[in-house]
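Here are the chains, one letter per residue:
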Amino acid sequence: MTDRNESNVHPAFDVHPAFEKVRSHPIAALNLTMEEYVHRKTRARHLHMAADNDENVFFVALRTFPMDSTGVAHILEHTALCGSERYPVRDPFFMMIRRSLNTFMNAFTSSDWTAYPFASKNRKDFDNLLSVYLDSVFFSKLDPLDFAQEGHRLEFEKPDDPTSPLVYRGVVYNEMKGAMSAPTSQLWQNLSSHLFQTTTYHYNSGGEPDHIVDLRYDDLLAFYRHHYHPSNAIFCTYGDIPAREHHDRFEELALSRFDALEVDLPVRDEKRLFSPLRVEQGYAVSAGEPTERKTHMVMGWLLGHSFDLQQNLEAQLVTNVLLENSASPLMHALETTDIAAAPSPMCGLEDSNREMTFVCGIEGTEPERRDDLEALIEGVLNKVAEDGVPLDRLEAILHQLELHQREIAGDSFPYGLQLIMSAISPMVHGGDPVELLDLEPVLETMREKIRDPGYVPGLIRRLLIDNPHRVTLTLRPDDQLENRRQEAIREALARRKEQLSDEDRQQIVERARALEERQHRKDDDSILPKVDLSDVPLKTHFPEGRNLEAFPAALYAQGTNGLVYEQAIFRLPTLSRDELLMLPLYTTILTEVGCGDLDYLQMQDRISACSGGIGASVSARGSVDDVQTLDGYMILSGKALARNRKALSELLRDVYDNARFDEKGRIRELVAQIRARREQAVTGSGHGLAMSAASQGHSPGAWLSFRLAGLAGIKGTKELDDTLNDEAALDKLCQDLASLHQRFRQQQRQFLLVAEEEHLEAMADGVSGLWPEAPETRGEQWQIEPVSYDTREAWLTSTQVNFCARAYPTVAPDHPDAAALTVLGGFLRNGFLHRAIREQGGAYGGGAGQDNVNGTFRFFSYRDPRLGETLDDFDASLAWLQETDHGQQELEEAVLGVISQLDKPRSPAGEARHAFHSRLFGRSPEQQERFRKRVLAVTVDDLRRVAGDWLRPEKASTAVITSHDSRDDVTRLGLDIHEL
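Nothing here was measured: the structure is a model prediction, and the numbers come from that model.

Peer 1: Describe in detail the overall build of the protein, supporting the description with residues and values.
Peer 2: Across its full length, the protein holds 37 helices and 28 strands. The C-alpha radius of gyration computed for the protein amounts to 28 Å, which stays within 12% of the reference 30 Å derived for 980 residues, consistent with globular compactness. Overall size of the protein, expressed as C-alpha extent along the three principal axes, is 80 × 65 × 65 Å. Going through the 980 residues of the protein one by one, you find that 60% of them count as buried. Summarising the internal contacts of the protein: among those between residues at least 6 apart in sequence, 81% fall at separations of at least 24. When the accessible surface of the protein is totalled, it reaches about 37600 Å², and 48% of it is carbon and sulfur. Side-chain charges of the protein comprise 106 positive and 154 negative groups, with the mean position of each set lying 1 Å from the other.

Peer 1: Could you give an account of the environment of M691, with specific residues and numbers?
Peer 2: Residue placement: M691 occurs in helix 26 (residues 686-694). The spatial distance from the C-alpha of M691 to the C-alpha of F274 is 50 Å, given a sequence separation of 417 residues. Dropping the residues within four chain positions of it, M691 is found in contact with A805, R858, F859 and F860.

Peer 1: Go over helix 24 (residues 645-658), please, and point to the residues and values.
Peer 2: Helical geometry: 3.6 residues make up each α-helical turn, so side chains three or four residues apart lie on a common side. Look at helix 24: 20 Å from first C-alpha to last across 14 residues, which is about the 20 Å you get at 1.5 Å a residue. Of all the residues in helix 24, the buried ones are L648, S649, L651, L652, R653, D654, V655 and Y656.

Peer 1: Account for the sheet that holds strand 27 (residues 957-963), with residues named and values stated.
Peer 2: Each strand in a sheet pairs with its neighbour through backbone hydrogen bonds, running either in the same direction (parallel) or in the opposite one (antiparallel). Spatially, the six strands line up as an open sheet ordered 25-26-24-27-23-28, and their pairing is mixed. The open sheet terminates on both sides in strands that have one partner only, identified here as strand 25 (845-851) and strand 28 (976-979). Each adjacent strand pair in this sheet contributes to an overall mean axis angle of 15°, direction not counted. Here strand 23 (residues 792-797) pairs with strand 27 via six bridges, running parallel. Within strand 27, the position partnered with R792 by the bridge is T958. The strands that helix 31 (residues 818-840) touches are strand 25 and strand 26 (856-862); relative to strand 25, the one it contacts most, it runs at about 170°.

Peer 1: Could you give an account of the side chain of N320, with specific residues and numbers?
Peer 2: One can find N320 in helix 11 (residues 309-323). Excluding its chain neighbours within four sequence positions, the residues that come into contact with N320 are S328, R393, I397 and L401.

Peer 1: Explain the environment of G458 to me, and be specific about the residues and the numbers.
Peer 2: Mapped onto the elements of the fold, G458 is located in helix 18 (residues 455-465). The sequence separation of G458 and E386 amounts to 72 residues, and the corresponding C-alpha distance is 9.6 Å.

Peer 1: An account of helix 35 (residues 925-936) is needed here, citing residue identities and associated values.
Peer 2: Here helix 35 contains 12 residues, and its C-alpha end-to-end distance of 17 Å stays within 8% of the 16 Å for a straight helix at 1.5 Å per residue. All buried positions along helix 35 are accounted for by P925, Q927, E929, F931, R932 and V935. Here the buried face of helix 35 lies against helix 31, helix 33 (888-902) and helix 34 (908-920).

Peer 1: Report on the packing of helix 25 (residues 664-680) against helix 28 (residues 711-723), specifying residues and quantitative values.
Peer 2: Between helix 25 and helix 28, the shortest axis-to-axis distance is 9 Å and the interhelical angle comes to 145°. Relative to helix 28, helix 25 is oriented so that their crossing is left-handed. Between helix 25 and helix 28, the residues in contact are R668, V671, A672, I674, R675, R678 and E679 and G713, I714, T717, K718, L720, D721 and D722, respectively. A per-class count over the contact of helix 25 with helix 28 returns five nonpolar, two polar and seven charged.

Peer 1: Residues and numbers for the packing of aromatic side chains, please.
Peer 2: Under the defined criterion, the tally for this structure stands at 37 aromatic pairs. Seen in terms of ring centroids, F138 and F235 are 6.1 Å apart; in terms of plane orientation they differ by 35°. Their pairing is tilted. With a gap of 97 residues between them, F138 in helix 4 (residues 123-138) and F235 in strand 10 (residues 233-239) connect regions that are remote in the sequence. Like F138, the residue F235 is buried in the burial classification. Measuring from centroid to centroid gives 6.2 Å for Y238 and Y415, while their planes differ by 90°, and the two rings are edge-to-face. One end of the pair, Y238, is in strand 10; the other, Y415, is in helix 15 (residues 415-429), and 177 residues separate them in sequence. Of the aromatic side chains, those joined through ring pairs into one cluster are F58, F93, F94, F118, F126, Y133, F138, F139, F235, F250 and F258. Positioned above the aromatic ring of F139 is the side chain of R257, whose terminal nitrogen or guanidinium carbon lies 4.0 Å from the ring centre. When the ring centre of F832 is taken as origin, the NZ or CZ atom of R835, which lies over that ring, is 5.4 Å away.

Peer 1: Please set out the environment of A568 residue by residue, giving values where relevant.
Peer 2: Mapping A568 onto the fold places it in strand 19 (residues 563-571). Judged by its relative accessible area of 1%, A568 falls in the buried class. Apart from the residues within four sequence positions on either side, A568 is in contact with M634, I635, L636, Q750, F751 and W771.

Peer 1: I'd like to hear about the pairing of strand 15 (residues 355-365), residue by residue, with values.
Peer 2: Taking burial as the measure, the 11 residues of strand 15 include 11 buried ones, the bulk of the element. In the sheet, strand 12 (residues 295-305) pairs with strand 15 via nine bridges, with the strands oriented antiparallel. Residue pairing in the sheet places T295 in a bridge with T365 of strand 15. As judged from the two bridges shared by strand 13 (residues 342-343) and strand 15, these two strands associate in the antiparallel manner. Within strand 15, the residue paired with A342 across the bridge is E363.

Peer 1: How would you summarise the sheet that holds strand 21 (residues 626-641) if you had to cite specific residues and measurements?
Peer 2: Read from one edge to the other, the open sheet built from six strands follows the order 17-18-22-19-21-20, with strand pairing classed as mixed. Strands at the two margins of the open sheet, each flanked by one partner only, are strand 17 (546-547) and strand 20 (614-623). As judged from the nine bridges shared by strand 19 and strand 21, these two strands associate in the antiparallel manner. If you follow F570 over to strand 21, its bridge partner there is M634. Taken strand by strand, helix 22 (residues 583-590) contacts strand 20 and strand 21, and its axis lies near 150° from that of strand 20. Of the strands in this sheet, strand 17, strand 18 (553-557), strand 19 and strand 22 (749-755) touch helix 30 (residues 757-770), which is tilted by about 155° from strand 22.

Peer 1: Report on the pattern of salt bridges, specifying residues and quantitative values.
Peer 2: Using the criterion set out here, one finds 84 salt bridges in the structure. Where R370 meets D371, a salt bridge forms, and the shortest distance between an N and an O atom there is 3.3 Å. The class for R370 is partly exposed, based on a relative accessible area of 28%. E402 is the salt-bridge partner of R406, the closest N and O atoms lying 3.8 Å from each other. Of this pair, R406 and E402 are both found in helix 14 (residues 391-406), four residues apart, which corresponds to roughly one turn of the helix.

Peer 1: Tell me about the nonpolar core, and name the residues and values.
Peer 2: Formed by 60 residues in total, the largest nonpolar core has its most connected members in I589, L590 and L636. In terms of residue count, the dominant contributor to this core is helix 29 (residues 727-745) (six residues). If near-sequence neighbours (up to four positions away) are discounted, L636 is found in contact with E566, Q567, A568, F570, L590, T591, G615, A616, L652, V655 and Y656. Core analysis: the second largest hydrophobic core is formed by 57 residues, L81, V89, L129 and L528 among them.

Peer 1: Lay out unusual backbone geometry with the relevant residues and their values.
Peer 2: One non-glycine residue, R293, adopts positive backbone phi at about 50°. Looking at the secondary structure, you find R293 in the loop between strand 11 (277-284) and strand 12. With phi around 50°, R863 is a residue other than glycine that occupies positive phi space. With respect to the helices and strands, the residue R863 is situated in the loop between strand 26 and helix 32 (868-883).

Peer 1: So what's going on with the packing of helix 11 against helix 14? Residues and values would help.
Peer 2: When two helices pack together, their arrangement is given by the angle between the helix axes and by the axis-to-axis distance. Taken N-terminus to C-terminus, the directions of helix 11 and helix 14 make an angle of 120°; their axes are 10 Å apart at the nearest point. Between helix 11 and helix 14, the interaxial angle falls into the category oblique. Note on packing geometry: the crossing formed by helix 11 with helix 14 is right-handed. Contacts from L313, Q316, L317, N320 and V321 in helix 11 reach R393, L394, I397, L398 and L401 in helix 14. Classifying every residue of the contact of helix 11 with helix 14 gives seven nonpolar, two polar and one charged.

The rules we used
Residues numbered from 1 in each chain as written. Predicted model: local features only at pLDDT ≥ 70, side-chain atom pairs only at ≥ 80, totals over all residues. Heavy atoms only, no water. Helix = DSSP H or I, 4+ residues; strand = E, 2+ residues; numbered from the N terminus. Rg over C-alpha atoms; globule rule 2.2 N^0.38 Å. Buried < 20%, exposed > 50% of the residue type's maximum accessible area, 1.4 Å probe, protein only. Contact = heavy atoms within 4.5 Å. Areas by Shrake-Rupley, 256 points an atom, 1.4 Å probe, with all protein chains shown as cover. Lys, Arg positive; Asp, Glu negative; His and termini not counted. Charge placed at Lys NZ, Arg CZ, Asp CG, Glu CD. Expected span 1.5 Å × (residues − 1). Pairing = 2+ DSSP bridges. Axes fitted to C-alpha atoms, helices over the stretch in contact; angles between N-to-C directions. Left-handed = near helix turned anticlockwise from the far one by under 90°. Nonpolar A, V, L, I, M, F, W, Y, C, P; charged D, E, K, R; others polar. Phe/Tyr/Trp six-rings, centres within 6.5 Å; stacked < 30°, edge-to-face > 60°. Lys NZ or Arg CZ within 6 Å of the ring centre and 35° of its normal. Salt bridge = Lys/Arg side-chain N within 4 Å of Asp/Glu carboxyl O. Core = buried A, V, L, I, M, F, W, Y, C linked by side-chain atoms within 4.5 Å. Parallel < 35°, antiparallel > 145°, perpendicular 65-115°, else oblique.

This is how it looks when you write it as structure tokens:
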């Protein structure tokens, strides 16, 4: 640690006069230096992660502690981005998405903080976004019409007809109706409300739909004034822009205008329970839907402070001892018990709140099994406390913590943002973010402590067995609950309408008209900063690997911070339809069963001790010039610390040689777990599933995706799971999996190895020495017949919102029209769909895009209150394209959006994987550069032409996911009905 006087000596630590430097702390394991500053006047905090990385990240968080479930913090997060003092346009956030080369833009509402992050590799773009974000956060306009649009509003069903029924509308209102449709969301919120009875965590910070409608505009203003002040702000940055340059901008754009403010926010511990609490509540399923074995049941304990590193790591240690994998005693008990179908997805440790929560439980049970569950869990805890935990198991858990700390992620969102997200919780709650990220010293201390055989048993007794602050929650299905809720809403709105005066009715009509006018208003967006096509890099970086001559391996030298990555790749053999549909089960089960002389429990321990995990997957893509020609591979993957590279290679080879499919009980459990996970994905990923269903008939790849990972795959998994209580059916499945595995063992293989240069040669030597000689023949050649048919489907499930999709067959990625179709998606979203579907329709999201892998153009909506009207909006966007005059700027914004996606950074290992698999499927650097040049050359005439050529009404396919209550609506739309 460096004091302020020392740090000022070095020019790199030049400190802005408005800030004081608290400390500087290098973290070798993360290849960065943590610098902490405080703004002298307002006491705003700034944590800067100085790293040699040009993907710079900005993040500003405000502590927000709502004390009700109206969603005030969430609605404010949306509304703050709808116009500000310097940028008084209607929608600067979404407008900047179109005018930017960002690698990430979003805003988050957590349980006790709200954050506004972005990332960019372009310095001009970073400065542009910083200007807009700071103004939006600290000088927001908060127009009442934006509150009505983003939060909630009372409107007539026909906005200009006061005789039509009253309805609630609003983006967040519909977003949370969708979010709270998922039983797991209700499970967590209900559990939290009983574990935390007096603090902010008692409430749903996102908002409960029935409470959102109680929020008043004045409440929003008061919340903003109280919380959105620099004295309550935490700034975090990551990358190669020096902290001093950030401070110049922070001071110029915002902080200089503020004085210190005493922000009175209650940060306190929860009042403790002195006796365990048992609660039973209902969740909605469709009327008439069977309710057997659909109960969720969890037990939750309130633990210590998340920001206390010692308490945090002890809680993580206990959690991993009990739940890390199938060999962990509590997870094993939950997976194998006959009182439920599967462990609850809630199992684990929640450490983002001020105080941590440990949760475990089951799903697919009955309410009367509560005592059985408590006895099961208490029995496991007492046994582990009595017997202790082997030292090698504890060392494997600490190994996982070390690997997780070292790994450079960033394939889902920026690595720097992931680090910031780890640091923000201790900063909000009063802990030390540097200590939490620099785990090396405390891991050494933990390695000493676990040598005491009584250490972990003592933790289990103190944190769980002897801890009375415990809640057992039973969430049972209720097929009448949603009907009662909707009837109550209808009655309340009817009473409300009866009480309206003529003046009230006119005000509602006038507000609806004013909101529509505002939504259609063309703002002067020239006041917003932007990047131009001249700022787009001319070339994209493609990492180069090298191929070995004597062994089929590609080696990529990447800065992986001491980790190695290995893949064995097998071309798919000729498969029957049944074998093809079994692939998702096979790839999931392959690395979860026993191997050779080791049963699956012993294999789980082996995997944990020497690797960061292994997995299998299937990848299939159409040819670059013909999507009807499909190629596919099975990929066996793993990662490890460099010191364990040999053990990782041996692990993958052994799974390939000796995976066992004779553990019938284990395979039965895994199928039940797969079913549970896939069913839960519907309300969170409904737009993707709807698009997959709509495009299923457009190419073999789209057909395969629908049947393996889409709605057909989910339904097939449910049907398979229902058959496996029959011993003969289970025997057949095990035999079929073993047979499929042997088919893959006859296929030729190749390898991908990714590591730092100094580890690659030894890694390659180890792999080549371990694997047996490849089969002499090339193996069977897999193929699927061409696919071409239309779809009109409605999939019914338990949901309060809809997901709509329409799709058209188009072209392969190397076709000259592919670039224009790709730009067209953003052009339609920016110019028409965002306004029509989100702002006016009230859906949480909507858009369109070209799927170049499968040769299909797809429209979608997400968490949408409408059905037929949204499908009409998809069509109307195409008419708008042809009939409206469009400017060059709108085109440029759509092109920038495509380039931003093409250039989105990946982790070092992810970059190598992407380059290798692109080449594997014929996506050469030359082809990708050709596509990039075509994107940059697209014109508005091109957009009109490709839309006219490819998006013709007679070629449209449609799919929606909706509730059983919408059966009559989808019948009127002419859609075939499928029960999910």
